[in-house]
Amino acid sequence: MNRKLMFTLVLFAACAFAADQPKDTIMKTLKVHSSGRYLCYEDGAPFFYLGDTCWEIFHRLNREEADLLLTDRAAKGFTVIQSVVLAEYDGLTEPNPYGQLPLENNDPLKPNEAYFQHVDYIVNKAASLGMFIGMLPTWGDKWNKKWGRGIEIFTPENAEPYAEFLAKRYKDKPIIWILGGDRPVENDKHRAIIRAMAAGLRKGDGGKHLITFHPCGQQHSSQYFHEEEWLNFNMCQTGHTFNRDNYRDIARDYKLQPIKPCLDAEPGYEDHPSGFKAQNGYMDDSQTRRFAYWALFAGACGHTYGCHDIWQFYQPGRKPITAARTPWKEAMKLPGSAQVGYARALIESRPFFARVPDQGLLLQPPLAGIDYAAVTSDKNAEDKATYIMAYLPKFSEITLNTAVIAGGNLHVSWFNPRTGKAENPQQIANPRQYHPTNPGEGDWVLVIDDAAKDYPLPGLPAQP
């Protein structure tokens, strides 16, 4: 049987798979909101992108383990599981838990049906729990080795039919396509491969799913593809060091034309050694929260959490990558993974599509470093707002311009991002300039509402 005929049969099998799946695994599709800033479902309902970098889930977890991980993440409010079909760490040569490799002879035109049935299972499980798979067709070392394991197997000629195979197989599944995979686009061949994959995805699913690009550390998808039609929203990767000021990266993409949603798709991971060196110390949930709120208040359409032990599914007997130290089942209990869900709840408790970054409401020179206070509101073109939020990594002396809130009375509270609870709610007359007092140790979000709006306490689900 020649290769072209074989691949045609595989594509046919992929279409049959999509048609035969249980209806409860099929979800609404996503689109970019008319504002250009955020994502939403086809019916216009808000979609908050809360991702987790479970890069090796298809490659390293069996079905029972995948069930455990996905159930935990759904319960914590995650909406996207970022996962790689052709994984970075020996993804072409080390079989999955069932002894299956993804490709025959490392040929992208010869996918192994048994391997993809395991991928199918995880896609369907995530869907049954209300989550999308942020699916990378391949890690970047398969088209630009640069560093890592490789092997480079993609060309512009085989990238398109491989992507078409995937898109047809998962046409009716809750998928967000993520091209790239932590490698730079360094020449015309690399760019042609990515464009060919994008074309294959569009051909395979008819444009049904969103497409983005995951860049390497401290880079942006917008550097390479911002003006290309297939790139629906931008990702940046701000990387794995203490106190990285990722609000600057989001602000960069937020200002670009044409307007596209943006997010930090790989900030510093919880339990990751800063700068990849254990002697520097490990990042914890305080960094996890800081990266999330700084990005969201700078205008990101969502955020990605990561845990160093979970992306690689480290466990005893498996060689740790970059000084991983906590078995992944224990790492699921680290506090940061729950706390990013509190951030989602806070954002969803206020008008979703009206949120804008609003540092101009700080009535003093901007704070820097760990003192940086990030401010967001729903201020409109007439300079009127119904709420203001300010994230303080630690309490600093700030004064906020509350004159943008038209109402005569304000509801003021402190949202605790460590617990997800609002504290010290009170109603006050609008002073036009508000100078809060210290709520206590730790990081906080100051929430100021127009009392006439009667918004729920911050962190609770938004009222219909």
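Worth saying up front: this structure is predicted, and the values here are computed from it rather than measured. (Residues numbered from 1 in each chain as written. Predicted model: local features only at pLDDT ≥ 70, side-chain atom pairs only at ≥ 80, totals over all residues. Heavy atoms only, no water.)

1. Quick notes on the side chain of glutamine 237
For step 1, the next point in the chain: Among the structural elements, glutamine 237 can be located in strand β10 (residues 234-237).
For step 2, the next point in the chain: Within the local environment of glutamine 237, its side chain forms a polar contact with the side chain of aspartate 182, the two groups lying 2.9 Å apart.
For step 3, the next point in the chain: When residues no more than four places from it in sequence are discounted, the contact partners of glutamine 237 are Asp182, His214, Pro215, Cys216, Gly217, Gln218, Gln219, Asp264 and Glu266. (Helix = DSSP H or I, 4+ residues; strand = E, 2+ residues; numbered from the N terminus. Polar contact = N/O pair within 3.5 Å; in protein donor to acceptor, adjacent residues only side chain to side chain. Contact = heavy atoms within 4.5 Å.)

2. With respect to the sheet that holds strand β3 (residues 46-47)
Hydrogen bonds between backbone atoms are what pair the strands of a sheet, whose relative direction is either parallel or antiparallel.
For step 1, the next point in the chain: Read from one edge to the other, the open sheet built from 3 strands follows the order β1-β2-β3, with strand pairing classed as antiparallel. Of all the strands in the sheet, just β1 (30-32) and β3 have a single pairing partner and so form its edges. (Pairing = 2+ DSSP bridges.)

3. Looking at the packing of helix α3 (residues 63-75) against helix α4 (residues 113-128)
For step 1, the next point in the chain: One way to put it is that α3 packs onto α4 with a least axis distance of 10 Å and a crossing angle of 25 degrees. On the basis of the axis angle, α3 is roughly parallel to α4. Seen along the crossing, α3 lies across α4 with a hand that is right-handed. Residue-level inspection shows Arg63, Ala66, Asp67, Leu70 and Thr71 of α3 in contact with α4, the latter providing Gln117, His118, Tyr121, Ile122, Lys125 and Ala126.
For step 2, the next point in the chain: Class assignment for the residues of the contact of α3 with α4 results in 5 nonpolar, 3 polar and 3 charged. (Axes fitted to C-alpha atoms, helices over the stretch in contact; angles between N-to-C directions. Parallel < 35°, antiparallel > 145°, perpendicular 65-115°, else oblique. Left-handed = near helix turned anticlockwise from the far one by under 90°. Nonpolar A, V, L, I, M, F, W, Y, C, P; charged D, E, K, R; others polar.)

4. Notes on the pattern of salt bridges
For step 1, the next point in the chain: Enumeration according to the criterion identifies 27 salt bridges in this entry.
For step 2, the next point in the chain: Aspartate 172 is the partner of lysine 208 in a salt bridge, and the nearest nitrogen-oxygen pair spans 2.6 Å. Of this pair, lysine 208 sits in the loop between α6 (188-205) and β8 (211-214) while aspartate 172 is found in the loop between α5 (156-169) and β7 (175-180), placing the two residues 36 residues apart along the sequence.
For step 3, the next point in the chain: Under the relative-accessibility criterion, lysine 208 is labelled partly exposed at 29%.
For step 4, the next point in the chain: Ionic pairing is found between lysine 379 and aspartate 358, a salt bridge with its closest N-O pair at 3.1 Å. (Salt bridge = Lys/Arg side-chain N within 4 Å of Asp/Glu carboxyl O. Buried < 20%, exposed > 50% of the residue type's maximum accessible area, 1.4 Å probe, protein only.)

5. Notes on the confidence of the model for the protein chain
For step 1, the next point in the chain: Considering every residue of the protein chain, the mean pLDDT works out to 94; 93% of them sit at 70 or more.
For step 2, the next point in the chain: Element-level mean pLDDT values for the protein chain span from 42 in helix α1 (residues 3-20) up to 99 in β8. (pLDDT = per-residue confidence, 0-100.)

6. Quick notes on the sheet that holds strand β17 (residues 409-416)
For step 1, the next point in the chain: Spatially, β13-β14-β15-β20-β17-β18 is the arrangement adopted by the 6 strands of the open sheet, whose pairing is antiparallel. Of all the strands in the sheet, just β13 (356-357) and β18 (421-429) have a single pairing partner and so form its edges.
For step 2, the next point in the chain: Contacting β13, β14 (374-377), β15 (387-392), β17 and β20 (444-450), helix α9 (residues 285-297) crosses the sheet at an angle of about 145 degrees to β15.

7. A short note on the pairing of strand β4 (residues 49-53)
For step 1, the next point in the chain: Summarising burial for β4: 5 of the 5 residues are buried, a large majority.
For step 2, the next point in the chain: Burial along β4 is two-sided: the face carrying Tyr49, Gly51 and Thr53 and the face carrying Leu50 and Asp52 are both buried.
For step 3, the next point in the chain: The pairing of β4 with strand β12 (residues 302-305) spans 4 bridges and is classified as parallel. Residue pairing across strands places glycine 51 opposite threonine 304, the latter belonging to β12.
For step 4, the next point in the chain: Direction of pairing for β4 relative to strand β5 (residues 80-84): parallel, over a ladder of 3 bridges. What sits directly across from aspartate 52, in β5, is isoleucine 81.

8. Topic: the packing of aromatic side chains
For step 1, the next point in the chain: According to the stated counting rule, one finds 24 aromatic pairs in the structure shown.
For step 2, the next point in the chain: A ring pair is formed by tyrosine 247 and tyrosine 372, whose centres lie 3.7 Å apart and whose planes are at 0 degrees; its orientation type is stacked. Of this pair, tyrosine 247 sits in helix α8 (residues 246-254) while tyrosine 372 sits in the loop between β13 and β14, placing them 125 residues apart in sequence.
For step 3, the next point in the chain: Put simply, the rings of Phe213, Tyr224, Phe225 and Trp230 touch in pairs and so form one group of aromatic residues.
For step 4, the next point in the chain: The ring of tryptophan 147 carries arginine 183 above its face, with NZ or CZ at 4.0 Å from the centroid.
For step 5, the next point in the chain: In this structure, arginine 325 is placed above the aromatic ring of tyrosine 282, and the distance from its NZ or CZ to the ring centre is 3.8 Å. (Phe/Tyr/Trp six-rings, centres within 6.5 Å; stacked < 30°, edge-to-face > 60°. Lys NZ or Arg CZ within 6 Å of the ring centre and 35° of its normal.)

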